[in-house]
Number of protein chains: 2
Amino acid sequence: MSLAPVSCIDPTPAGPCLDDARPPAARRGEFDLDLALRHAGRRRLRLRYEDVGDVRAPAVLVAGGISAHRHLAAHAADAAPGWWDAQVGAGRVLDPARWRLLSIDWLGADGSLDAPIDPADQAAAIAALLDHLGVGVLHGFVGSSYGAMVGLQFAANFPARLDRLVAISGTHRAHPYASAWRALQRRAVALGALQCDDVDGLVLARQLALLSYRTPEEFGERFGPARVVEGRVRVAAEDYLDHCGNAYAQRTPPVAFLRLSESIDLQDVDPARIAIPVTLVAVEQDRLVPLAEVYALAQHLRGETRLRVLRSRYGHDAFLKEPGAIAAVLAEALDAGVPA
Amino acid sequence: MSLAPVSCIDPTPAGPCLDDARPPAARRGEFDLDLALRHAGRRRLRLRYEDVGDVRAPAVLVAGGISAHRHLAAHAADAAPGWWDAQVGAGRVLDPARWRLLSIDWLGADGSLDAPIDPADQAAAIAALLDHLGVGVLHGFVGSSYGAMVGLQFAANFPARLDRLVAISGTHRAHPYASAWRALQRRAVALGALQCDDVDGLVLARQLALLSYRTPEEFGERFGPARVVEGRVRVAAEDYLDHCGNAYAQRTPPVAFLRLSESIDLQDVDPARIAIPVTLVAVEQDRLVPLAEVYALAQHLRGETRLRVLRSRYGHDAFLKEPGAIAAVLAEALDAGVPA
């Protein structure tokens, strides 16, 4: 996640058109907004976004988990990989030659907002982004995990500004078991903070989170038995967990983790308030979002609802690790009502 | 768990008989043994046990999870509740009027053994107990969770001393995902220890373990949504987790937790070495012991094998929380070959 204030880096400032041979425009920007946070009063906040593709193309907001950010994929203005290169880019289902792709850094992601953040606050920030960019209506909102929760909030609170939602592995409420799991991750950070060691606590928190994102099926295939090393038992997954935890802690302010983790647990939207078309994607092996929760959501949505249930040994992380299945769902959901 | 060295407290020292109206004898004892630990060399260790019921009755060794101990149930010599009063006692399936019930405090449970402890070491200690008590052959070994792992080791290493094994929610090997989960619990203890605060780390470790013992189904029924309390999100299960974690940390030395948690991850016994009759009990919702692992075990045992699959919203803790279903399995498994 880039935190440097790069206000507008457009390689094709004259505005490209869809059949232009040049790469699609990629704008990165930020602006300040006043937002009445649901649990923390009115605040002046900075919103950072990317806006990739022709401004005349149908706009699609793309959002991922709490550790995702505005840089979806490599593009002309920033060749660094994004968090969803598998779906975003030339020839992919979210091709900026076809769609105008909008994305944000989550409110709180830079660690400067140490207050409870409701998913509805993120949806309000996205509405402010649309105002800022002059986008009246989104053709679609594609949200995965926390992004799906925010998408449901957006669909409920700004129905006139969204034609269709794709909500992958995220629902209208946090499940109490998943919330407990996250609360213990936050306690790991707190335990580290007691000794002025934010990093070790955050590493452990991320490792715990990672277990909730993956599945026994995957670990059973990847990892072997434990060994005794210097008088201690070391299990086979520890090298992997160390790598992941350390990489995350290096790029994430502890406050950002704490407040965005909390934000998931604040999710609470009445499905009966959502009347636009919604495609729900559930993963049978997801250990954070039980299938029964997605069924409950599907039953109470008021608009046209499609439910796609995937099987994946990657569980909650299927949106990152099952590119083929996710692309098929996105193609079906986004193409509806759009001339090819 | 009582750690006081009470060597023999038998209310009926003359030796009761099965049709005696007096309560069954209850002996609590301890003795020292030399044991060649698999990963830590030869050690002199103290083994603490209880021995309840007529010495002429068929003997059954009963063992539970790593936090279980020798006091299975209230008896004439100690009216304090045990960890398995649901199954053990007058009129229950493990009635000391019918069986001689043996049980131990796990090696390492008092925190004095700071070395890797293999489940096979526990099985060897149990064999030493049989020698000490003059018991040639156990009618049965009923093990749950870690106790099931130790039972499988006993069946493989001392087949002439055991007629039948009931292994509930424990298998021949630790699953890599469950091992990863436990490794992170041990890291929580290590994180606390960095600041000389063993208790907070152990509390968090226990809370994390508890999530692995239970299920989303149960939490979904028990707990409601999160709340914002003094600027922080507090999830509904936190009061419960606090209660459980604090109670556990008060009664458990951190070294005992660490070494017994490790011990689970060292489990490794070849099912093909087990040729005695085995009843396996699996719980479909168990998040620590995947059903597929129990199937794999059942397929490779060489003796008569029965498999009972339970459904329970209590997951891994079904052996504690589903007394009716467990009692039915025990009755069927233990009565085989015994005149009523």
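Residues numbered from 1 in each chain as written. Chains lettered and ligands numbered in written order. Predicted model: local features only at pLDDT ≥ 70, side-chain atom pairs only at ≥ 80, totals over all residues. Heavy atoms only, no water.

Enquirer: Which parts of the structure should I look at to understand the overall build of chain A?
Expert: Across its full length, chain A holds 10 helices and 10 strands. Its C-alpha atoms give chain A a radius of gyration of 20 Å, within 12% of the compact-globule value 20 Å for 340 residues. Considering only C-alpha atoms, chain A reaches an extent of 65 × 40 × 40 Å along its principal axes. Looking at the 340 residues of chain A, the share that counts as buried comes to 61%. Within chain A, contacts between residues separated by at least 24 positions form 72% of all contacts whose residues are at least 6 apart in sequence. Here chain A has roughly 12400 Å² of accessible surface; of this, 51% comes from carbon and sulfur atoms. Counting 36 positive and 41 negative side-chain charges, chain A places the centres of these two groups 2 Å from one another. (Helix = DSSP H or I, 4+ residues; strand = E, 2+ residues; numbered from the N terminus. Rg over C-alpha atoms; globule rule 2.2 N^0.38 Å. Buried < 20%, exposed > 50% of the residue type's maximum accessible area, 1.4 Å probe, protein only. Contact = heavy atoms within 4.5 Å. Areas by Shrake-Rupley, 256 points an atom, 1.4 Å probe, with all protein chains shown as cover. Lys, Arg positive; Asp, Glu negative; His and termini not counted. Charge placed at Lys NZ, Arg CZ, Asp CG, Glu CD.)

Enquirer: Quick question: what am I supposed to make of the sheet that holds strand E6 (residues 165–168) of chain B here?
Expert: By way of backbone hydrogen bonds, the strands of a sheet pair with one another, either parallel or antiparallel. Residue and element names in this part refer to chain B. Pairing in this open sheet of 8 strands is mixed, and the strands run E1-E2-E4-E3-E5-E6-E9-E10 from one edge to the other. Strands with a single pairing partner mark the edges of an open sheet, and in this sheet they are strand E1 (26–37) and strand E10 (305–310). Averaged over neighbouring strand pairs, the angle between their axes works out to 20° when direction is ignored. Relative to strand E9 (residues 278–283), E6 runs parallel, the two sharing 4 bridges. (Pairing = 2+ DSSP bridges. Axes fitted to C-alpha atoms, helices over the stretch in contact; angles between N-to-C directions.)

Enquirer: Even after reading the chapter, I still don't get helix H4 (residues 198–213) of chain A, so can you show me in this structure?
Expert: It helps to recall that an α-helix has 3.6 residues per turn; residues three or four apart then point in one direction. Helix length check: H4 of chain A, at 16 residues, gives a terminal C-alpha distance of 22 Å against a target of 22 Å (1.5 Å per residue), a fit within 8%. Most of H4 of chain A sits inside the fold, with 13 of its 16 residues counted as buried. (Expected span 1.5 Å × (residues − 1).)

Enquirer: Honestly, the sheet that holds strand E9 (residues 278–283) of chain A in this entry has me stumped. Any pointers?
Expert: All names here are of chain A. One open sheet holds the 8 strands; their spatial order is E1-E2-E4-E3-E5-E6-E9-E10, and the pairing between them is mixed. Since the sheet does not close on itself, it has two edges, and those belong to strand E1 (26–37) and strand E10 (305–310), each with one partner. The sheet shows a mean angle of 20° between the axes of neighbouring strands, direction not considered. Both strand E2 (residues 41–52) and strand E4 (residues 100–104) contribute to a ladder of 4 bridges, which runs antiparallel.

Enquirer: I tried to follow the relation of the copies chain B and chain A on my own but got confused; where do I start?
Expert: The second copy of the chain is related to the first by a rotation about an axis and a shift along the axis. Turning chain B through 180° and shifting it by 0.0 Å along the axis lays it on chain A, with an RMSD of 0.0 Å. Such a turn and shift between the copies fits a two-fold axis. Scanning chain B for the C-alpha nearest the rotation axis identifies glutamine 195 of chain B, at a separation of 2.9 Å. Mapped onto chain A, 100% of the interface residues of chain B again fall at the interface, so both copies present the same surface. (Least-squares fit on C-alpha atoms with pLDDT ≥ 70 in both.)

Enquirer: Explanation requested: the interface of chain B and chain A in the structure shown.
Expert: A common way to express how large an interface is: the accessible area buried when the components associate. Residue-level contacts link 51 residues of chain B with 51 residues of chain A. Across the chain B-chain A interface, the total number found is 8 salt bridges. We note a salt bridge from glutamate 262 of chain A to arginine 232 of chain B, for which the minimum N-O separation is 3.7 Å. There are 15 residue pairs in polar contact (both at pLDDT 80 or more) connecting chain B and chain A. Counting residues per element, the ones that place at least two in the side of chain B that touches chain A are helix H3 (176–193), helix H4 (198–213), helix H5 (216–222), strand E8 (232–234), helix H6 (238–251) and helix H7 (254–265) of chain B. (Salt bridge = Lys/Arg side-chain N within 4 Å of Asp/Glu carboxyl O. Polar contact = N/O pair within 3.5 Å; in protein donor to acceptor, adjacent residues only side chain to side chain.)

Enquirer: Teacher, can you tell me more about the pattern of salt bridges here?
Expert: Pairing is possible between side chains of opposite charge, provided their charged atoms come close. Residues and elements named next belong to chain A. Scanning all chains against the criterion turns up 64 salt bridges over all chains. With a closest N to O distance of 3.5 Å, arginine 48 and glutamate 30 form a salt bridge. One end of the pair, arginine 48, is in strand E2; the other, glutamate 30, is in strand E1, and 18 residues separate them in sequence. We classify glutamate 30 as buried; its relative accessible area is 15%. Salt bridges sharing common partners tie together Glu30, Asp32, Arg46, Arg48 and Asp110.

Enquirer: What should I look at first to understand the nonpolar core in this one?
Expert: Of all hydrophobic cores here, the largest spans 169 residues; its most connected members are Phe141 of chain A together with Phe141 of chain B. Among all residues touching phenylalanine 141 of chain A, those that are not within four sequence positions of it are Leu61, Ala63, Ile126, Gly147, Val150, Gly151, Phe154, Leu162, Arg164, Leu165 and Val166 of chain A. (Core = buried A, V, L, I, M, F, W, Y, C linked by side-chain atoms within 4.5 Å.)

Enquirer: What is the right way to read the domain arrangement of chain A from this model?
Expert: All names here are of chain A. Partitioning chain A into structural domains gives domain 1 (2–174 + 266–335) and domain 2 (176–264). Taking only C-alpha atoms, the centre of domain 1 and the centre of domain 2 are 26 Å apart. Across the contact, 31 residues belong to domain 1 and 25 residues belong to domain 2. With both sides pooled, the region where domain 1 packs onto domain 2 buries about 2400 Å², and carbon together with sulfur makes up 57% of that total. Applying the counting criterion to the domain 1 and domain 2 interface returns 3 salt bridges. (Domains from an automatic or database assignment. Buried area = accessible area lost by both parts, 1.4 Å probe.)

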